[in-house]
Structure formats: C-alpha cells, structure tokens
Amino acid sequence: MSPAPSRRATVVTDELRDRGFTVEAENWASIARGGSTGVVGVDAPLAVVPLRNGNPLTVVSAIANAAHEGQVPLLVTDPRLEAEIEPILSDPFLLRGERAGGREFFPVEDRIRLSDDSYACVGATGAMEWFENSGSTDDPPLVLRVGGETVATLDSVGGLACPGPSVSAFQYSYARGDDGQFRVFANGEAVGRYPGVSAMRADGFRPVSLPLVPEHHVRDHGRLARATTVATVGSDGTVSYRSFR
C-alpha cells in the first residue's frame, strides 16, 4: 500500500537530508537548500510539495506557487500518481496537446464568470475541448468544442480575463437568484430554474470548465517552473527522481 501524502513527503525530505540538503518548513511547503544540483539540475531551493491528487489545476497551482517564490517544484507522488500527472508535465508542458492550429488546453474545475456576473454553461453532451485556432495570427481565437461541435469562440485566451467574456459569447449562462434557485438563460431569457447544479445537469445544462492556460498561472520564473521534478516514493520506501524537461 502506498503511504499517505504527508508520509511520502517525510520520506523525501529525509532522503534529501541524506543528500546534504538542509530542509526547513516555510509557510506552505518544506524547502530544501544547499544540496546537490543533480536532483533537479538547477541551482535553486526546492519546494517539496506532496500531491494529493493528479488534477491539472492541483498540479499547476503547486508549480506556480513554488516558482513564484523562486523555488523549483519537487512534486511528491507514488507510482500511480506519477503516471497520472505524466501527461500534464510532459511536452507540451502544462498543455493537453498541440496541433497545427495552436495549443490544446486541459479543462479544469474552475468556472467561467461572464461580464454580467453570471456563469457560462452549455446544453450539449460530450467532452469539452478547448483549443486555439491560430491560422496566421499571433493572438489566436480560443475555441470551445463540445461533443465535436463548436459552441463558443473567444477572440483569444485574453478574453478569459476580468471582467470576463461577454454573455453573448455563449449560448447559455446561469446565475443564482435571490430565492437561491439557479436560472439558466438563453439570449437574456430564462429557460429553466433549478434548486442546484445537479438538477441543471440532470436537465442537460453543464457549467463550462475553464481552460488551463499556462501563462495565466505561471506568471514569473518560468525557468524554475519548467524544471519541475517528480519525487516518487515506492512501496518499499525508495525515492526516485524524474525531470520532464
């Protein structure tokens, strides 16, 4: 059985001390300093972060927090979790993929808040896919496809920033009313009222997942973020290190 995340972190910090690092708890993570650069290949402190799940948003948040503090993210996993996050860390880094037309993005748990303070939703079934349709422009349109059908197009990834996309960018939106009920709107007209998001989903309406745009999370120290290394603790307590650069 794999040890718990906190136990895995202890195993890794003990192993780093054996390698000559000084490890101290600081704010949100244990920070390792002074050891061999051979662990991550970069001369910078290591932020030892035990991952509790492999969700793309969890992973990019850990990376962004460490890089912002001037540290290399050292993500602590077990073999199962390492395999789960490999597609996130492999090239293209923090992207679902790349195509001739541009980048493909992971959908994450966050929702898309619109300029009128409602939230985007869709009435189509199937997987949500976010990607750029670059053509010949340096600031390509951002496309949302659901179940193989294009349901929204924004001018660029910049259109996700505050105050958010226009409500007209999506066919449907939803908001909670003063009575606590969720209302779904189409062209400004209410087309459904529900006690919660689960009831919305049961009627075919789903909140739109925000795409994970790397530069919206990793805003500085990109070199440190790209040096992200995984420390995997095996069932026998051994630690292996893997870089995805």
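Participant: Got a minute to help me understand the side chain of Glu132 in this structure?
Facilitator: The residue Glu132 is located in strand β9 (residues 128-132) in this model. Judged by its relative accessible area of 7%, Glu132 is buried. Contact partners of Glu132, with chain neighbours within four places excluded, come to Arg99, Gly101, Gly102, Arg103, Phe105, Pro140, Pro141 and Val157.

Participant: Could you clarify how one ought to interpret the side chain of Ser118 in this entry?
Facilitator: In this structure, Ser118 sits in the loop between β7 (107-111) and β8 (119-122). Separated by 2.6 Å, the side chains of Ser118 and Asp116 make a polar contact.

Participant: What exactly am I supposed to notice about the packing of aromatic side chains here?
Facilitator: To describe a pair of aromatic rings, one takes the distance between the centres and the angle between the planes. The final tally for this structure, using the stated rule, is four aromatic pairs. When the ring of Tyr194 is compared with that of Phe205, the centres are 6.4 Å apart and the planes differ by 55°; the resulting orientation is tilted. Here Tyr194, found in strand β14 (residues 189-194), pairs with Phe205, found in the loop between α4 (197-202) and β15 (206-207); they are 11 residues apart in sequence, far enough to count as distant. Here Tyr194 and Phe205 have matching classes, each one buried. Members of the aromatic cluster, each reached through a chain of ring pairs, are Tyr119, Tyr174 and Phe182.

Participant: Would you take a moment to explain the pairing of strand β6 (residues 102-105) for this structure?
Facilitator: A regular strand carries its side chains on alternate faces of the sheet. As paired elements, strand β5 (residues 97-99) and β6 share three bridges and run antiparallel to each other. Counterpart to Glu98 in the pairing with β6 is Arg103. Adjacent in sequence and paired antiparallel, β5 and β6 are bridged by two residues. Here two bridges tie β6 to β9, and the two strands are oriented antiparallel to one another. Bridge pairing links Glu104 to Phe131 in β9.

Participant: Quick question: what am I supposed to make of the pattern of salt bridges here?
Facilitator: It is possible for side chains of opposite charge to pair when their charged atoms get near one another. Under the criterion given, the structure shown has 13 salt bridges. With its nearest N and O atoms 3.6 Å apart, the salt bridge here joins Asp78 to Arg8. Pair noted here: Asp78 is in the loop between β4 (72-77) and α3 (79-89) and Arg8 is in helix α1 (residues 5-18), with a separation of 70 residues, a long-range link. For Asp78, a relative accessible area of 6% translates into the label buried. Since its relative accessible area comes to 4%, Arg8 is described here as buried. Here Asp117 and Arg113 are joined by a salt bridge, their closest N and O atoms 3.3 Å apart. Several salt bridges share partner residues, and in doing so they unite Glu82, Glu86 and Arg242 into one network.

Rules used throughout
- Residues numbered from 1 in each chain as written.
- Predicted model: local features only at pLDDT ≥ 70, side-chain atom pairs only at ≥ 80, totals over all residues.
- Heavy atoms only, no water.
- Helix = DSSP H or I, 4+ residues; strand = E, 2+ residues; numbered from the N terminus.
- Buried < 20%, exposed > 50% of the residue type's maximum accessible area, 1.4 Å probe, protein only.
- Contact = heavy atoms within 4.5 Å.
- Polar contact = N/O pair within 3.5 Å; in protein donor to acceptor, adjacent residues only side chain to side chain.
- Phe/Tyr/Trp six-rings, centres within 6.5 Å; stacked < 30°, edge-to-face > 60°.
- Pairing = 2+ DSSP bridges.
- Salt bridge = Lys/Arg side-chain N within 4 Å of Asp/Glu carboxyl O.

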